[in-house]
Every structure is written in structure tokens, then in C-alpha cells.
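For reference, the chains in residue letters:
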Amino acid sequence: MTPVSPVLVAQITDTHLFAEIDREWKGLSTARTLQAVLDRLQQIQPPPDLLLLTGDLSQDETPESYQRLVSLIAPLGIPAYWIPGNHDNIPVMAEILNQSPLSPEKSWMLGNWQFLLLSSVEAGCDGGRLSPESLHWLDSQLQQTGDRPVIIALHHHPLPIDSEIMDGMMLHNADEFLAIVDRYPQIKIVLCGHIHQEFQQQRGSVTYLGTPSTCIQLLPKSHPIILDQIPPGFRLLELAIDGTWNTRVERVAAQLPPD
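Residues numbered from 1 in each chain as written. Predicted model: local features only at pLDDT ≥ 70, side-chain atom pairs only at ≥ 80, totals over all residues. Heavy atoms only, no water.

Things to note about the nonpolar core
Grouped burial of nonpolar side chains is what soluble globular proteins tend to show.
Turning to step 1, where the next piece is worked out: With 31 residues, the main nonpolar core has Leu41, Leu51, Leu53 and Leu97 as its most contacted residues.
Turning to step 2, where the next piece is worked out: Elements represented by at least two residues in this core include exactly β1 (7-12), α1 (30-43), β4 (50-54), α2 (63-73), β5 (80-83), α3 (90-96) and β15 (233-239).
Turning to step 3, where the next piece is worked out: Ranked by residues supplied to this core, first place goes to α1 with six residues.
Turning to step 4, where the next piece is worked out: Within the second largest apolar cluster, 22 residues are counted, among which are Val150, Leu159, Phe177 and Val190. (Core = buried A, V, L, I, M, F, W, Y, C linked by side-chain atoms within 4.5 Å. Buried < 20%, exposed > 50% of the residue type's maximum accessible area, 1.4 Å probe, protein only. Helix = DSSP H or I, 4+ residues; strand = E, 2+ residues; numbered from the N terminus.)

What follows is the structure, encoded as C-alpha cells:
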């Protein structure tokens, strides 16, 4: 039975976990800042219907870092779906992130919305690229969605964010991706991680959203990159059955990196 109430999605991104719980990255314990985000998520009522984990889930690419992610997320009991980022070890994450409540599925429907998840990882590169196979898969999936509203998630940002260094690490074949997206009016939202900041831009009828990391934040439009003194966060999306939607970013009180 299709739910009448909106589907509530929480996007968590760029957790950058290590095998060790107290290991710090740029002055933050990434496991503890993620725990602060998850503690806040547990207070949300009704709870989210699903979690989207949009890449850079590990910083050290170890099996233990992905096991830590499972152990932190499992108590929420919320179905979770994931894509890799440029800091991830895809074979290792595929092996570990396939146990409940995590699913390896990249295409599914919930509340009349079609979810499509893409890997934009290019081996040995911090920037992203969608393979010809991924682009073909996206196009074929979209051909089958009818007039259902669609939300797409990938790690790398397909639109520039006016940050010279980060835009050098964006989706390098964004033009090929956007050419497909522009053809399908049922696409409502494209979500990304990677940029460690909040971002929203409209292109045609599609809204492109970037989401804060659960650890360090980057100051928007900074050259060179500057760490922001704003707390970690996550994104909530309410997806209504008629294709309308709302979103907001929530921040949590957590230890900030030193100046």
C-alpha cells in the first residue's frame, strides 16, 4: 500500500570514518561527530523512512571503518542506502555494507518516488566521472519511471559551486549527465555530497542540492579552501506523493575544529 503521508528522507554524507573511534581528521573525531548527527536523527518524530549515505563514508578505506558505520547506523533501525565517494574503497564497502539495515540497491520506489543512485567515482582521482555504463543505466531507468517523480543521488557535484579547488574536483563529465537529466521532466531533485557545505541551485525544473558533512565544513566560495566554523549537519527531505517536496538542513552541536 502506498503511503499517503510524505516520505521522510535523511541524507548523511562525508562521514570520513576511521578504524579507530577517536582518530581525528582536521581536528575532529569523525566517529563522534557522526554520533552527534545520529543522536539528533533519533529525536525526529516520526523517524525518517530511509537514510541516504552519499559517499566518502571512510577516510582510511579499512574494513573496520565500514563496520563502524554499520554499528553506528544499525541502532536507528532505518533502511539505509549508499553510494561511494572518492575516499572510499568500493570492493570493501560492497562486501560490508550489505547487511541490514544497509542495502546495496541503487534503484527502488517509495511513496510514488523513484530513487536512483549513481557511482561517480573515478579510480585514482578526487574528481568524479560517470562511466558510459552508468549513463546508459540512468537513461534506461528514467525511460521506465513514467510520470513518477524522481530523485537522483551521486557523490560529486554536477554544477559548480564557485570554489576553485572544489570545482576542480567536481563531476568531470557533468555535461553528459545534465544532458540526460534535462530530458526528463519527472526528475525533481539531484542530491550530492563531496562539497562539505550547504548548496542549492535551480536548473530548469530540477533542484540541485549539496549537503553538509557530518564532520568538517568548508566555507562556501572560499579560495583557497577554508574550514568553516559552522557545526556538522545533515539534510531532511519530505517527498509528497504528488511530487512536491520540502527540504531543510539541520545542524548539531558538536566539537568544532580549532581555528
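Picking up where we left off.
Some remarks on the packing of aromatic side chains
Turning to step 1, where the next piece is worked out: Counted by the stated rule, this structure contains two aromatic pairs.
Turning to step 2, where the next piece is worked out: With centroids separated by 3.7 Å and ring planes inclined at 10°, the aromatic side chains of Tyr81 and Trp108 adopt a geometry described as stacked. Residue Tyr81 is located in strand β5, and its partner Trp108 is located in strand β7 (residues 107-110); the two are separated by 27 residues in the primary sequence. As far as the burial class goes, Tyr81 and Trp108 line up, both buried.
Turning to step 3, where the next piece is worked out: Between Trp108 and Phe115 the ring centres are 5.0 Å apart and the planes differ by 5°, which places this aromatic pair in the stacked class.
Turning to step 4, where the next piece is worked out: In this structure Trp108 comes out as buried when scored by relative accessible area, which is 11%.
Turning to step 5, where the next piece is worked out: Take Phe115: its relative accessible area is 0%, and that puts it in the buried class.
Turning to step 6, where the next piece is worked out: An aromatic cluster is built from Tyr81, Trp108 and Phe115, whose rings are joined through pairwise contacts.
Turning to step 7, where the next piece is worked out: A cation over a ring is seen here: Lys106 above Trp82, with NZ or CZ 3.6 Å from the ring centre. (Phe/Tyr/Trp six-rings, centres within 6.5 Å; stacked < 30°, edge-to-face > 60°. Lys NZ or Arg CZ within 6 Å of the ring centre and 35° of its normal.)

Examining the pairing of strand β16 (residues 245-251)
Turning to step 1, where the next piece is worked out: With seven bridges joining them, β15 and β16 adopt antiparallel strand pairing. The residue of β16 that forms the bridge with Leu237 is Thr247.
Turning to step 2, where the next piece is worked out: Linkage of β15 to β16, two consecutive antiparallel strands, is achieved through a turn of five residues, within which Gly243 is found at a positive phi near 95°. (Pairing = 2+ DSSP bridges.)

A few points about the sheet that holds β16
Whenever strands of a sheet pair, they do so through backbone hydrogen bonds, lying parallel or antiparallel.
Turning to step 1, where the next piece is worked out: The strand order β6-β5-β4-β1-β15-β16 describes an open sheet built from six strands, whose pairing is mixed. Two strands close off the open sheet at either side, each with one partner strand: β6 (102-103) and β16.
Turning to step 2, where the next piece is worked out: Alignment of β4 against β5, held across four bridges, turns out to be parallel. Considered in β5, the bridge of Leu51 is made with Ala80.
Turning to step 3, where the next piece is worked out: The strands that α1 touches are β1, β4, β15 and β16; relative to β15, the one it contacts most, it runs at about 30°. (Contact = heavy atoms within 4.5 Å. Axes fitted to C-alpha atoms, helices over the stretch in contact; angles between N-to-C directions.)

Side note on α1
Turning to step 1, where the next piece is worked out: Between its first and last C-alpha atoms α1 spans 21 Å; for 14 residues at 1.5 Å apiece the expected length is 20 Å, and the two agree.
Turning to step 2, where the next piece is worked out: Taken together, the buried positions of α1 are occupied by Thr30, Ala31, Thr33, Leu34, Ala36, Val37, Leu38 and Leu41.
Turning to step 3, where the next piece is worked out: Where α1 is buried, its residues touch β1, β2 (24-25), β3 (28-29), β4, α2 and β15. (Expected span 1.5 Å × (residues − 1).)

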